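Next come the chains, spelled out residue by residue.
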Amino acid sequence: MFMNTIQASKINTQGTINQYTWHWQNEQFQVTYETLGQGNPILLLPAFSTVSSRTEMAGIAQLLAQQYQVYLLDWLGFGDSQRPALDYNPQLYHQLLKDFVNATFQQPVIIIAAGHTVGYALELAKIAPETVSKLILIAPTWRGPLRVMGVPQSIRNSIKNLVRTPIIGQFLYYLNTTPGFLKFMYRRHVYTDSTKLTDEFISNKRNITQQKGARFAPVAFVTGTLDPIETREDFLSLIESLSQPILTIIAEQSPPYSKQEMEAINTIDQVKTVSLPGTLGISEEFSELVTENIKNFL
């Protein structure tokens, strides 16, 4: 049996950057994570997206690091982690999260998850409750963009397979990662204040999309292949099955469908919910306000 190992790599201006060596189906992959502060552990899981990166949760991490030891994860296929041309699917990410938590923490960890990664955190809390002490769900979602738009599965699969191909797939991915398109998407449903979308900001986001193999995991997310849950009923039932304290942060300006899913969690008595200004990028755009509410909960 392969053993998963962790080794430190370098220091940046915010924290210690590490490489977690993960073994999956007889191959090994490098997963990047960063640590800040000292104290009880908190794991931050950035939302899946074309520009997914631990940096979007850096504001929360820096504030929490005053009292806790904070871990920021770049998912395999995203951020600074390795981006192999794998068949990205829920099973892969469920196993990665479970293995990472087991290898990294010697005590139950607080998990703060955003967007789609909420489903993976919830499932870990269910199957291994001894590893998770509390859960904070930031603008939780569970259905990929093309599924929300009602695109049939056969077409979504075709799009995914096409984007994975050389030349044509690379060109389609390029069109979806131009500065103009990224700024359009941020204005549409990620940030509420367009003045924050400076040329430097968009350039930094685009740099995240330009790594070797960058298109494979994002297209799986966009086409719904990474959806961890199939129905709203399954989503709510999963939350109801847990014993850990849970805080849900609802982003008030979220797209209508996403906001409906967030507000549905209000029906669960044991979950504390707060509504804050912002949309799907609330963890980055309003990090101070989000962190204030997280601290109150903790």
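Keep in mind the model is a prediction, meaning the values are calculated, not measured.

Asker: Got a minute to help me understand the packing of aromatic side chains in this structure?
Answerer: Both the distance between ring centres and the angle between the ring planes are used here to describe each pair of aromatic rings. If you walk through the whole model with that rule in mind, you get 19 aromatic pairs. Relative to Phe78, the ring of Phe48 has its centre 5.2 Å away and its plane inclined at 25°; by these criteria the two rings are stacked. Of this pair, Phe48 sits in the loop between strand S4 (41-45) and helix H1 (58-64) while Phe78 sits in the loop between strand S5 (69-73) and helix H2 (90-104); the two residues are 30 residues apart in sequence, bridging distant segments of the chain. In this structure, Phe48 and Phe78 share a single accessibility class: buried. In textbook terms, an aromatic cluster arises when at least three aromatic residues are bridged by ring pairs, as seen for Phe48, Trp75, Phe78, Tyr88, Tyr93, Tyr120 and Phe221.

Asker: Any chance you could explain the nonpolar core here in plain terms?
Answerer: The nonpolar side chains of soluble globular proteins are, as a tendency, buried together. Core analysis: the biggest nonpolar cluster contains 53 residues, and Leu43, Leu76, Tyr88, Tyr93, Ile111 and Leu135 have the highest contact counts within it. Aside from chain neighbours lying at most four places away, what touches Ile111 is Leu43, Leu45, Ala121, Leu124, Val132, Lys134, Leu135 and Ile136. Ranked by size, the runner-up nonpolar core spans 29 residues in total, among them Leu64, Ala114, Ile138 and Leu247.

Asker: Teacher, can you tell me more about the pattern of salt bridges here?
Answerer: Side chains that differ in sign of charge can pair as their charged atoms come close. Tallied over the entire structure, the rule returns eight salt bridges. A salt bridge links Asp74 to Arg54, with the nearest nitrogen and oxygen atoms 2.7 Å apart. Linking Asp74 in the loop between S5 and H2 with Arg54 in the loop between S4 and H1, this pair joins segments that are 20 residues apart in sequence. The buried category is assigned to Asp74, whose relative accessible area is 1%. In this structure, the salt-bridge partner of Glu230 is Arg147, at a minimum N-O distance of 3.8 Å. Placement of the pair is Glu230 in the loop between helix H9 (216-222) and helix H10 (232-240) and Arg147 in helix H4 (residues 145-148), with a sequence separation of 83 residues.

Asker: Where do I start with helix H7 (residues 179-190) in this structure?
Answerer: Note that an α-helix has 3.6 residues per turn; residues three or four places apart therefore point the same way. By the burial criterion, the buried members of H7 are Leu182, Tyr186 and Val190. Burial along H7 is one-sided: seen end-on, the buried residues are contained in an arc of 40°. In H7, the exposed positions that point more than 90 degrees away from the buried face belong to Gly180, Arg187 and Arg188. Where H7 is buried, its residues touch helix H8 (199-209) and helix H12 (282-285).

Parameters and conventions
Residues numbered from 1 in each chain as written. Predicted model: local features only at pLDDT ≥ 70, side-chain atom pairs only at ≥ 80, totals over all residues. Heavy atoms only, no water. Phe/Tyr/Trp six-rings, centres within 6.5 Å; stacked < 30°, edge-to-face > 60°. Helix = DSSP H or I, 4+ residues; strand = E, 2+ residues; numbered from the N terminus. Buried < 20%, exposed > 50% of the residue type's maximum accessible area, 1.4 Å probe, protein only. Core = buried A, V, L, I, M, F, W, Y, C linked by side-chain atoms within 4.5 Å. Contact = heavy atoms within 4.5 Å. Salt bridge = Lys/Arg side-chain N within 4 Å of Asp/Glu carboxyl O. Arc of directions from axis to C-beta.

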